[in-house]
Every structure is written in structure tokens, then in C-alpha cells.
Amino acid sequence: MSDSQSSFDVVVVGGGMVGAAFAAAIADLGLSIAVIESREPLRTWPAGEIDLRVLALSRASQRILERLEVWERIRELGISPYRQMRVWNAVGGGHIHFDSQDLGEADLGHIVENRAIQLALWEALESADAIHLLCPASITDIEMQASGARLILTDGRSIEARLLVGADGRDSLVRALAGIETEGWDYDQRAIVANARPAEWHQETAWQRFLPTGPLALLPLADGRCSIVWSADDARAAELMAMDEDAFSVALTEASEARLGRLSLDGPRASIPLRLQHAKTYVRPGLALIGDAAHAIHPLAGQGVNLGFLDAAELAAALDLGLARGRDIAGLWTIRHYERARRGDNQMMLGAMDLLKRLFGSDQPALSSLRGLGLKVADQLTPLKRRFMEHALGLGADSPPLARR
Ligand SMILES: Cc1cc2nc3c(=O)[nH]c(=O)nc-3n(C[C@H](O)[C@H](O)[C@H](O)COP(=O)(O)OP(=O)(O)OC[C@H]3O[C@@H](n4cnc5c(N)ncnc54)[C@H](O)[C@@H]3O)c2cc1C
């Protein structure tokens, strides 16, 4: 493909995990595709170093990445299975335990570094003939026309797209330039991410304790360490970030009720502001939003990119269907299939996580005993637990083709 090409069937703005997965998923549909990404992915990192940004990947995401033929590369770069999940409540008691064995599955999912997924997908894009990578590159403006979108790049170039896909994350410029509004709110919480070494073995279990100031998750890594995602109200997060290493380790051990013995901070910390956000529409003629550009969710159940990969798979399926029926790939007849398939599911997950955040974030006595009781009852209701695990594993029948067994 020539470097001077300036007109494409599909232009994806944002080659992060979701945008790259989408481009890889449509690489064989006979379309010309460009991906505009502002940052080159990291190619190497020191052995044994674990990044601060890791994800809990569902089985549905794993299947999508397998079908895109990048899972082996991700496995080579490093994955950590988790086989059980234990969730408990700091105020009001109650706990719930999920075990992959109850479903006859080897694990409930995998903990993977963001950069490993990003690199594996990027390498797949580099080897796909139909994909033209513009990186580092960014956009400054978009003009929507009847024939598609015209994008102006920061270096002055202009690119035509029959279909423009915004996969440029939570602060999406594509969404803003297209004038698509969002609904949602700031949580006034920050997620502190770090790695820690527990005194005891983590048992390949994802641990989550709900504190009134926000949930603390300990995600098991293959080398015995845990990746920490500690969501806390802004004031508490500022205190935690200001602590020295020892004080932070003590606070972390206390917050985890020392379930894994003493936790020792291992390396730096970072904190990320949390927000619930949902685009009022995912599609317009000639335009679709996917991943965090369409929805941002509280990380308490580790769902963000899992939802984003399902978006990518559904939009790819919608284009495939549109092409098979001889329809315009950028027309609403084609891309509305994607919005219909994903919006309800995303809305439900955003709502459920928001409810959990509020329910467990309150220290009102009535609510604390109610949620303690709720956890105890849910732990004993095998069919309910099974449904929950099946959903978390993405074993439902209504998955997009790329995510099916
Ligand atoms: C603390 C924390 C923990 C989380 N844990 C989990 C978890 O366990 N499981 C899970 O599923 N999700 C988790 N998430 C959510 C997950 O990180 C996001 O859902 C995911 O990163 C979204 O991917 P994306 O590709 O849509 O967007 P992003 O990852 O934001 O990628 C957007 C890409 O677009 C590029 N870009 C942006 N603007 C432009 C532009 N103008 N031009 C060109 N390129 C541009 C950026 O460089 C970037 O590469 C977590 C989030 C947080 C904050």
C-alpha cells in the first residue's frame, strides 16, 4: 500500500487495545483500512518487570484474541491465570467465593499486562496487508460529508474515510468533534495501581475487599506478586499516594485484612481518576464509537476492555454482514446492528457496577447488614453464582461470532 494513499474504506482513530483488535478483526474483509495512533507501542521491557496497568481478561476476550491469532504471542509475553475469586465486605460481614472448578473450567480468566496485549495486536496489524498504520499521528478536525468523513491530521495531511471508527479512549476527540454527548458522572475516586509482594501465596485467586472508601483488588501474578487496584475516595487516595513505601505497605496489609499476610509494595504507584460515562449514541451515518470512547466503567469488576473487545467483535460482524448483503458499510442499516447488539449489555454492566460501587461504598448500618446478608445468600445460591460466573466467563449464547466457543 502506498504511503501517499489518502482514501480508505475504514479509518480507525486510536490503535489502543480495542481499536487495534477491531482493525485486526476486519483485516480479511477485503476493505482498505487505516489506523491512526498517536503513540508507538512499547516493544521491549526489562525481564521480570510488571507494568502498573494490568487487566483481568474474560474468556470471551481470550477467545476473540485467539481468533485474531494473537493469544499465543500474549501468552509468550506473560499471562497469569486466576482460578478463584473471593469477595468480601469490610463493614457488615458476608463473603462470596467463585471457583472455576464449579464450572468444569481450568480458570476464571487471566491477568495480563496492557502493554502485552497492545504489542501483540500491533504486531498483527503490522503484518496485515490491508492495514495502513499512521503512527505517530493524530487528528485535529473531522468533517462529516455525505460520502464519509474527512479527517485533518496534525501534520496538515487530510484523509478520507467511508467509515470512521472512534476508538480513541475515554476522552475521545472523535466523539467530541462529532458532537456526540455523554451521560455520566465523576466518582470523586481514584484507582491506585501498584504491585505488591504478599508474605503468603495468593492461591491464584483474585481477592476483592469492599471498604467504605472504595474496593481493593489483589490480582494474582504468575511470579507470586499481586497487582493492586485500590479505588479510594479522592481524599483517601491523596493520603495513600503521599505515604512512604513502608506506611503504604502497612495500610495495604490492613485494608486486605492481611488475608495474604504482610503485603510489601514493590515498585512505583500511580493513580487514575474514575468516571462513569456513556455516549448517548454509538453510531451516526459514517461513524461508530467503540471501547472507552463509547463507555467508561468503574474498574471494580475489571470489565472495561472486556466490553470493548465485544464491541470490536460486534462491529466487525456488522460490517461482515453488511458486505454480504451488498450494503454500504457506513450506512445506518449496517452499523446499527452493532449498536443494537452492544448498547443494552454495556448499559447493564455500567449500571450494575455503579450500583455495587454505591451499595458497598456506604457505611450506613442498614445498608451494611443488607449487603452482608446479600453476599451470604448469593454465596449459597449455586444457580445464581453459576449464572454470574458464566456471564463473567462470556459463556452466554448471545456473543458475537469471534467470541463464541
Ligand atoms: C485502574 C484501572 C483498572 C482496570 N482494570 C481493568 C480490568 O481488569 N479489565 C478490563 O477489562 N478493563 C479494565 N480497565 C479498563 C480498561 O483499561 C479500558 O477499558 C481500556 O483501556 C479501553 O481500551 P480502549 O482501546 O478503548 O481505549 P484506550 O486504552 O484509552 O486507548 C485509546 C488509544 O487511542 C489513542 N488516541 C487517543 N486520542 C487519539 C488521537 N486524537 N489520535 C490518535 N490516537 C489517539 C491513545 O494513544 C490510545 O492508544 C481498567 C481501567 C482502570 C483505570
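Residues numbered from 1 in each chain as written. Predicted model: local features only at pLDDT ≥ 70, side-chain atom pairs only at ≥ 80, totals over all residues. Heavy atoms only, no water.

Visitor: Give me the sheet that holds strand E5 (residues 84-89): which residues, what numbers.
Guide: Hydrogen bonds between backbone groups are what pair the strands of a sheet, and the pairing can be parallel or antiparallel. Taken together, the eight strands give an open sheet; going across it, the order is E6-E5-E13-E14-E15-E12-E16-E19, and neighbouring strands pair in mixed fashion. Taken across any chain shown, the strands that pair with only one partner, and hence form the sheet edges, are strand E6 (95-99) and strand E19 (295-296). Two strands pair when backbone bridges link them, and strand E13 (residues 205-211) and strand E14 (residues 214-220) are joined in this way by five bridges, in the antiparallel orientation. Its bridge partner being in E14, Gln208 is matched across the sheet by Ala217. In the packing of helix H7 (residues 245-255) onto the sheet, the strands contacted are strand E12 (182-198), E13, E14, strand E15 (226-233) and strand E16 (263-279), and the crossing angle to E16 comes to about 65 degrees. (Pairing = 2+ DSSP bridges. Helix = DSSP H or I, 4+ residues; strand = E, 2+ residues; numbered from the N terminus. Contact = heavy atoms within 4.5 Å. Axes fitted to C-alpha atoms, helices over the stretch in contact; angles between N-to-C directions.)

Visitor: Break down helix H4 (residues 114-126) for me, citing the residues and quoting the values.
Guide: With 13 residues, H4 should cover 18 Å at 1.5 Å per step; its first-to-last C-alpha distance of 18 Å lies within 8% of that length. Burial runs high along H4: 10 of the 13 residues are buried. Listing the buried residues of H4 in full gives Asn114, Arg115, Ala116, Ile117, Gln118, Leu119, Ala120, Leu121, Trp122 and Leu125. (Expected span 1.5 Å × (residues − 1). Buried < 20%, exposed > 50% of the residue type's maximum accessible area, 1.4 Å probe, protein only.)

Visitor: I'd like to hear about the sheet that holds strand E3 (residues 54-57), residue by residue, with values.
Guide: Read across the sheet, three strands follow the order E3-E7-E4 without closing on themselves; strand pairing throughout is antiparallel. Each having just a single partner strand, E3 and strand E4 (79-82) make up the two edges of the open sheet. On average, each strand axis in the sheet is tilted by 25 degrees relative to the strand beside it, whichever way the strands run. With four bridges connecting them, E3 and strand E7 (residues 109-113) associate as antiparallel partners. Across the sheet, the residue bridging to Leu57 is His110, located in E7.

Visitor: Help me get a handle on the nonpolar core, residues and values and all.
Guide: Core analysis: the biggest nonpolar cluster contains 82 residues, and Val10, Phe22, Leu151 and Phe309 have the highest contact counts within it. Ranked by residue count, the leading element in this core is helix H8 (residues 304-324), at nine residues. Those residues within four positions of Phe22 in sequence are excluded, and the remaining contacts are Val10, Val12, Val165, Ile290, Ala312, Leu315, Ala316 and Leu319. Counting residues in each nonpolar core, the second largest holds 29 residues, with Ile111, Ala217, Leu300 and Leu307 among its members. (Core = buried A, V, L, I, M, F, W, Y, C linked by side-chain atoms within 4.5 Å.)

Visitor: Requested: an account of the site of the ligand, with residues and values cited.
Guide: Near the ligand, the surroundings consist of 31 residues, among which Glu37, Ala56, Asp292, Gly302 and Val305 are the closest. Between the ligand and Ser138 there is a distance of 3.2 Å, counted from a nitrogen atom to a side-chain nitrogen or oxygen. If the ligand stood free it would expose 1,000 Å²; the protein chains cover 86% of that surface. Looking at the shell around the ligand residue by residue, the classes come out as 16 nonpolar, 10 polar and five charged. (Near = heavy atom within 4 Å. Polar contact = N/O pair within 3.5 Å; in protein donor to acceptor, adjacent residues only side chain to side chain. Areas by Shrake-Rupley, 256 points an atom, 1.4 Å probe, with all protein chains shown as cover. Nonpolar A, V, L, I, M, F, W, Y, C, P; charged D, E, K, R; others polar.)

Visitor: I'd like a description of the packing of aromatic side chains, backed by residues and values.
Guide: The full count for this structure, using the stated rule, is three aromatic pairs. Here the basic side chain of Arg259 rests over the ring of Trp88, its NZ or CZ set 4.1 Å away from the ring centre. The ring of Phe248 carries the charged tip of Arg269 above its face, separated from the ring centre by 4.7 Å. (Phe/Tyr/Trp six-rings, centres within 6.5 Å; stacked < 30°, edge-to-face > 60°. Lys NZ or Arg CZ within 6 Å of the ring centre and 35° of its normal.)

Visitor: So what's going on with the environment of Glu390? Residues and values would help.
Guide: Mapping Glu390 onto the fold places it in helix H11 (residues 382-393). C-alpha of Glu390 to C-alpha of Arg59: the two residues are 331 residues apart in sequence and 9.5 Å apart in space.

Visitor: Explain the side chain of His97 to me, and be specific about the residues and the numbers.
Guide: Tracing the sequence through the fold places His97 in strand E6. Accessibility expressed as a relative area gives 18% for His97, which makes it buried. At 2.6 Å, the side chain of His97 and the side chain of Gln84 are in polar contact.

Visitor: Report on the packing of helix H1 (residues 17-25) against H4, specifying residues and quantitative values.
Guide: It is at 9 Å that the axes of H1 and H4 come closest, and there the two elements cross at 30 degrees. The orientation of H1 with respect to H4, classified from their angle, is roughly parallel. Here H1 runs over H4; the crossing is left-handed. Residues Met17, Ala20, Ala21, Ala23 and Ala24 of H1 touch H4, and the partners they reach there are Asn114, Ile117, Gln118, Leu121 and Leu125. Considering only residue class, the contact of H1 with H4 consists of eight nonpolar, two polar and no charged. (Parallel < 35°, antiparallel > 145°, perpendicular 65-115°, else oblique. Left-handed = near helix turned anticlockwise from the far one by under 90°.)

Visitor: Let's hear about the pairing of E5: which residues, and what values?
Guide: Sheet analysis places E5 next to E6, joined by five bridges and oriented antiparallel. Across the sheet, Val87 pairs through a bridge with Ile96, a residue of E6. Hairpin connection, E5 to E6: the antiparallel pair is bridged by five residues, and Gly92 has positive phi, about 105 degrees. Alignment of E5 against E13, held across six bridges, turns out to be parallel. Looking at E13, one finds that Asn89 is bridged to Phe210.

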